[in-house]
There are 2 protein chains.
Amino acid sequence: MKDKVKNAVLKFGMIKELPCKITVALSGGADSVALLYSLWFLKDELQIELSACHVNHNLRGDESDGDEMFVRRMCRLLDIPLYVRNIKVLDYVSKHESVELVARKIRYDFFSELGADRLIATAHTASDNCETVLINLIRGTALSGMCGIPPKRDNIIRPLIDCTREDIENFCKEYSLPYVTDSTNLSTDYTRNKLRINIIPELKKINPSLVTSISRMSQSVALDDLYLDDIAKRELEKARKDGKYSVLALQSLDECILRRAVAMIFDENDIPIGSLALANAVQIIRDGKGKINPCQYKFLQIRKKYLSVITDTEKFRRN
Amino acid sequence: MKDKVKNAVLKFGMIKELPCKITVALSGGADSVALLYSLWFLKDELQIELSACHVNHNLRGDESDGDEMFVRRMCRLLDIPLYVRNIKVLDYVSKHESVELVARKIRYDFFSELGADRLIATAHTASDNCETVLINLIRGTALSGMCGIPPKRDNIIRPLIDCTREDIENFCKEYSLPYVTDSTNLSTDYTRNKLRINIIPELKKINPSLVTSISRMSQSVALDDLYLDDIAKRELEKARKDGKYSVLALQSLDECILRRAVAMIFDENDIPIGSLALANAVQIIRDGKGKINPCQYKFLQIRKKYLSVITDTEKFRRN
């Protein structure tokens, strides 16, 4: 597994400057423990200045505190710095957000507070990626959903992205690594658990290398997606003029680039991206005229060969 | 369902010249009967000159002959021409090919014998497409596998590509359409049946609109794939010189375009496309030197900044 981790770190250019500060997001579960140890084994070879961080969400009472203690002892044993955030997640949960979402936000806020001069390594595996790709596929997605979990984004890196759950289990067994088990782990995400427990084992009967096959696909598709997005971004800049977009320039684009450019227009104007709204926007561009209302308070309108996004308040002011 | 068929015919530009000769590939099963009738309902509106064709593979004894008779009567009732090929498929099966593959080849040969002045409509549905996409995903594929069944290729069109199996069932019920059931239908393809019977129903519990979602995804991905292939084709032409390929020109390409160009080089030199062989070929191009043996009798070699494909016999002659 050390080789798989090393190859992923190099292949995806996870490390740029040497020596490199890497902080492992350490929950204490098997994945993050395997991540910590594999980087610990590689730290001299890859010139890594290793540390760890842990968020105690206080969601599981004594169990949460036990996990924190477990993680503290592991870092003491390996003699690496540990940054801990102890936070009562439930205090921050509102009606509109799930506990998982809030916990995730707190975690990622903590990561960015740790400083931009370091990389945060999270323990997402090829098996997680496989589940994510299948979830996106099942729920309905465009190409981007097929890209799965990015191996690297901003200062977050995922060195285990080419390791399967079996690799992790074997690695933990090989070195008798201790880890904690989250008693709620099996009940957080209905769809993901259904996939993991019922569906993926069935798919593996068809192709035992399912996880690796899907990883390979998603990494290849991610390159395609990035390339197409770059083209769309460039074309959108060419079409942009005084906060509006030239319809003639947009009309000249291939369908697949136009769709992406329109999605970018939605994104920069805080319009939620839905397939029907996108199709309607593409249609008025192709028609060279028209007006649509893709979401509350927002209108896309073509006037004098320019597409503009107007919000309701502006509209009322004009009329 | 008639609307879905009409929309698909128009959206994918299935019909070009009017009036248009369309021959439905009619097995007698529910899908192809629904296809025949929906086009029959639309024939005046879309100016279709409708006919049908049927291949009696003689694989199921009396049942095969019964199907042929059923189809003959249906076309007599609708007063449309029927072209029948009666062939003993088993006489053409060799050790190297499956019965399904030979039957398919015979069918498509028959279609092309019917003449280039007509379109052949096959009854592939959104449900078939969903299965195909999932099979490709599970077995391991690049972007192209995610495109599923093309709505139109050469003179083959698939007007039911946006209809689900439920649409077909409802349509057959609505008009009390008779159809035959292939007694072997449930046992021809292990993977497809496993998906259809065990896995897809589970996935539909997560997303009841699974088939439509996957259709939408595969149609959007098909546009991306076509666009990227077009770029790769153009770049490959620029790199081509005297039957060889300029390594400098190939090195200048983005990774995703280079991979496609290399796949095209494999294809035009009858080298089977496998992910490992492709990756190795990309590697020697990036290195600017090297030689690989992607399959028996074939070598890819870089000499004097040009990549060439040589076969074993040539190699022996040179050495």
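Preceding block: the structure.
Described in the following lines is the structure provided in the data block.

Reading guide: rules and limits
Residues numbered from 1 in each chain as written. Chains lettered and ligands numbered in written order. Predicted model: local features only at pLDDT ≥ 70, side-chain atom pairs only at ≥ 80, totals over all residues. Heavy atoms only, no water. Pairing = 2+ DSSP bridges. Helix = DSSP H or I, 4+ residues; strand = E, 2+ residues; numbered from the N terminus. Contact = heavy atoms within 4.5 Å. Axes fitted to C-alpha atoms, helices over the stretch in contact; angles between N-to-C directions. Buried < 20%, exposed > 50% of the residue type's maximum accessible area, 1.4 Å probe, protein only. Arc of directions from axis to C-beta. Least-squares fit on C-alpha atoms with pLDDT ≥ 70 in both. Buried area = accessible area lost by both parts, 1.4 Å probe. Salt bridge = Lys/Arg side-chain N within 4 Å of Asp/Glu carboxyl O. Polar contact = N/O pair within 3.5 Å; in protein donor to acceptor, adjacent residues only side chain to side chain.

1. What about the sheet that holds strand β3 (residues 82-86) of chain A?
All names here are of chain A. Read across the sheet, 6 strands follow the order β3-β2-β1-β4-β6-β5 without closing on themselves; strand pairing throughout is mixed. Sheet topology places β3 and β5 (152-153) at the edges, where each strand pairs with a single neighbour. Note that strand β1 (residues 20-25) and strand β4 (residues 119-121) share 3 bridges and pair parallel. Along β4, the bridge assignment pairs Val24 with Ala121. Helix α4 (residues 99-113) rests against β1, β2 (48-56), β3, β4 and β6 (156-157) of the sheet, and its axis sits at about 145° to β2.

2. Notes on unusual backbone geometry
Residue and element names in this part refer to chain A. Positive phi values are uncommon outside glycine, yet Gln47 reaches one of about 50°. You can see Gln47 is positioned in the loop between α2 (30-42) and β2. With phi around 50°, Asp242 is a residue other than glycine that occupies positive phi space. When you line up the elements, Asp242 lands in the loop between β7 (240-241) and β8 (244-246). Since its relative accessible area comes to 71%, Asp242 is described here as exposed.

3. Considerations on helix α6 (residues 165-174) of chain B
Residue and element names in this part refer to chain B. For α6, the complete set of buried residues consists of Asp167, Ile168, Phe171 and Cys172. In an axial view of α6, the angular spread of the buried residues amounts to 130°, which keeps them on one side of the axis. Opposite its buried face, α6 presents the exposed residues Lys173 and Glu174, each directed more than 90 degrees away. Lining the buried residues of α6 we find α1 (2-11) and α2 (30-42). Positive phi appears at Ser176, one or two residues downstream of α6, with a value of about 45°.

4. Digging into the relation of the copies chain B and chain A
Superposing chain B onto chain A requires a rotation of 180° together with a translation of 0.0 Å along the rotation axis, leaving an RMSD of 0.1 Å. The transformation just described matches what one would write down for a two-fold rotation axis. No C-alpha of chain B lies nearer the rotation axis than that of Ile199 of chain B, which sits 3.3 Å from it. Same-surface contact between copies: 100% of interface residues of chain B are shared with the interface of chain A.

5. Some details on the interface of chain B and chain A
For an interface, size is often stated in terms of accessible area lost upon the parts coming together. Taken together, the 36 residues of chain B in the interface contact 36 residues of chain A. In total, about 3200 Å² of surface goes out of reach between chain B and chain A, with carbon and sulfur atoms giving 74% of it. Area buried by chain B at its contact with chain A is led by Ile138, Ile206 and Tyr227 of chain B, which between them contribute 20% of it. Taken together, chain B and chain A are joined by 4 salt bridges. Taken together, the links from chain B to chain A amount to 8 residue pairs in polar contact (both at pLDDT 80 or more). Element by element, the count of residues in the side of chain B that touches chain A is highest for helix α8 (residues 210-239) of chain B, at 12 residues.

6. Brief notes about the sheet that holds strand β10 (residues 298-303) of chain B
Residues and elements named next belong to chain B. Pairing within the open sheet is antiparallel, and its 5 strands lie in the order β7-β8-β11-β10-β9. Each edge of the open sheet carries a strand with a single partner, namely β7 (240-241) and β9 (290-295). As paired elements, strand β8 (residues 244-246) and strand β11 (residues 306-311) share 2 bridges and run antiparallel to each other. In the strand pairing of β11, Ser246 is matched with Tyr306. Against the sheet, helix α11 (residues 275-287) touches β9, β10 and β11, its axis set at about 165° to β9.

7. So, the pattern of salt bridges
Applying the stated rule across the entire model yields 46 salt bridges over all chains. We note a salt bridge from Arg260 of chain B to Asp229 of chain B, for which the minimum N-O separation is 3.0 Å. On the criterion of sequence distance, the pair formed by Arg260 of chain B in helix α10 (residues 255-268) and Asp229 of chain B in helix α8 is long-range, its members being 31 residues apart. For Arg240 of chain B, the salt bridge identified is with Glu237 of chain B, shortest N-O distance 2.8 Å. Its relative accessible area of 30% is what places Arg240 of chain B among the partly exposed residues. Each of the salt bridges in this network shares a partner with another, and the network as a whole consists of Asp128, Glu131, Arg165, Arg192 and Arg196 of chain A.

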